[in-house]
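# Tertiary structure, described
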Amino acid sequence: MSDPSSVPPPTPLGQARRRRRSPWPAVLGVTALVGLTGFIAFGNLNRSLEYFVTPTEYQQQQAQLQGRAIRIGGLVRDVQYDPQSLNLRFVVSDGGASFPVQYQGAVSDLFKENQGVVVRGEFQGDTFHASDLVVKHSEEYNVPKTQAELKDMLNTTE
């Protein structure tokens, strides 16, 4: 029989080699995800943009903006409003060009002649058909300092 002390000890195994994975699947996955996100974010952006223009700018860019939803801003002129049918017609002007506007709906008390307005909609022929009407109001706000001023303010708003 052999002596157990004479058996050489087993040699330790070397460090196991790790199999190196290719980085290409991760790179392609991240690229596809970024591309899909970019397409969703910007793919339909051109169709959903609404340009804000003045009447003069619209007149200059009429070919590019025809049939698109835009916002046009300027001063109100020649107001014709029928409170029964809620039909509003007026002219929006920036001093250089003017366009007739047609709007169907309730109108704010702030809407009046020579007031700033922004209308959203699109041109149909030479008339702008508005779906929304935003009236500019005064930026000045004064808090009443006395009860008498408060009563005067309430009386003038009625």
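Under an unreviewed UniProt entry, the name given to the protein chain is Cytochrome c-type biogenesis protein CcmE, and the source organism is Deinococcus seoulensis. Note on the protein chain: under the UniProt heading Function (unreviewed entry), the record states "Heme chaperone required for the biogenesis of c-type cytochromes. Transiently binds heme delivered by CcmC and transfers the heme to apo-cytochromes in a process facilitated by CcmF and CcmH." Its UniProt record gives the protein chain the following Sequence similarities (unreviewed entry) comment, quoted word for word: "Belongs to the CcmE/CycJ family."

Of regular secondary structure, the protein chain possesses 5 helices and 6 strands. Ordered by position in the sequence, the α and β elements of the protein chain form the string α-α-β-α-α-β-β-β-β-β-α. Going through the 158 residues of the protein chain one by one, you find that 19% of them count as buried. In the protein chain, once contacts between residues fewer than 6 apart in sequence are set aside, the share between residues at least 24 apart is 44%. Counting only carbon and sulfur atoms, one obtains 55% of the accessible surface of the protein chain, whose full area is about 12,600 Å².

Throughout the structure, instances matching the rule amount to 1 salt bridge. For Asp132, the salt bridge identified is with Arg120, shortest N-O distance 2.9 Å. Note that Asp132 is positioned in strand 6 (residues 127–135) and Arg120 in strand 5 (residues 116–124), a separation of 12 residues in sequence. Judged by relative accessible area, which is 32%, Asp132 ranks as partly exposed. Residue classification places Arg120 among the partly exposed residues on the basis of a relative accessible area of 27%.

Another aspect to go through is the environment of Glu113. Among the structural elements, Glu113 can be located in the loop between strand 4 (98–104) and strand 5. Considering only alpha carbons, one finds Glu113 and Phe90, 23 residues apart in sequence, at a separation of 9.1 Å. When sequence neighbours within four positions are dropped, the list of residues in contact with Glu113 reads Val76, Arg77, Asp78 and Val79. At 2.8 Å, the side chain of Glu113 forms a polar contact with the backbone nitrogen of Asp78.

Below, the discussion takes up the nonpolar core. Burial of nonpolar side chains together is a common tendency in soluble globular proteins. Formed by 20 residues in total, the largest nonpolar core has its most connected members in Ile72, Phe90 and Val119. Among the elements of the structure, strand 2 (70–82), strand 3 (87–93), strand 4, strand 5 and strand 6 are those that each provide at least two residues to this core. If you tally residues by element for this core, the top one is strand 6, at 4 residues. The contacts of Ile72, once residues within four sequence positions are left out, are Phe52, Val53, Thr54, Pro55, Tyr58, Val92, Phe99, Val117, Val118, Val119, Phe123 and Phe128.

For strand 3, the buried fraction is high: 5 of the 7 residues fall into the buried class. Here strand 2 pairs with strand 3 via 6 bridges, running antiparallel. Residue Asp82 lies in a different strand from strand 3, and its bridge partner there is Asn87. Linking two consecutive strands that pair antiparallel, namely strand 2 and strand 3, is a turn of 4 residues; a positive phi of about 60° is found at Leu86 within it. By the bridge criterion, 7 bridges tie strand 3 to strand 4 in an arrangement that is antiparallel. Paired with Asn87 across the two strands is Gln104, which belongs to strand 4. The turn joining strand 3 and strand 4, which pair antiparallel and follow one another in sequence, is formed by 4 residues; a positive phi near 95° is taken by Gly95.

Applying the stated criterion to the full structure yields 4 aromatic pairs. On the basis of an interplanar angle of 85° and a centroid distance of 5.5 Å, the ring pair of Tyr58 and Phe99 is categorised as edge-to-face. Of this pair, Tyr58 sits in helix 3 (residues 55–60) while Phe99 sits in strand 4; the two residues are 41 residues apart in sequence, bridging distant segments of the chain. Note on Phe99 and Phe123: the rings are 5.0 Å apart at their centroids and 75° apart in plane angle, and the pair reads as edge-to-face. With a gap of 24 residues between them, Phe99 in strand 4 and Phe123 in strand 5 connect regions that are remote in the sequence.

Rules used throughout
Residues numbered from 1 in each chain as written. Predicted model: local features only at pLDDT ≥ 70, side-chain atom pairs only at ≥ 80, totals over all residues. Heavy atoms only, no water. UniProt positions renumbered as here; feature names shortened; annotations may be inferred. Helix = DSSP H or I, 4+ residues; strand = E, 2+ residues; numbered from the N terminus. Buried < 20%, exposed > 50% of the residue type's maximum accessible area, 1.4 Å probe, protein only. Contact = heavy atoms within 4.5 Å. Areas by Shrake-Rupley, 256 points an atom, 1.4 Å probe, with all protein chains shown as cover. Salt bridge = Lys/Arg side-chain N within 4 Å of Asp/Glu carboxyl O. Polar contact = N/O pair within 3.5 Å; in protein donor to acceptor, adjacent residues only side chain to side chain. Core = buried A, V, L, I, M, F, W, Y, C linked by side-chain atoms within 4.5 Å. Pairing = 2+ DSSP bridges. Phe/Tyr/Trp six-rings, centres within 6.5 Å; stacked < 30°, edge-to-face > 60°.

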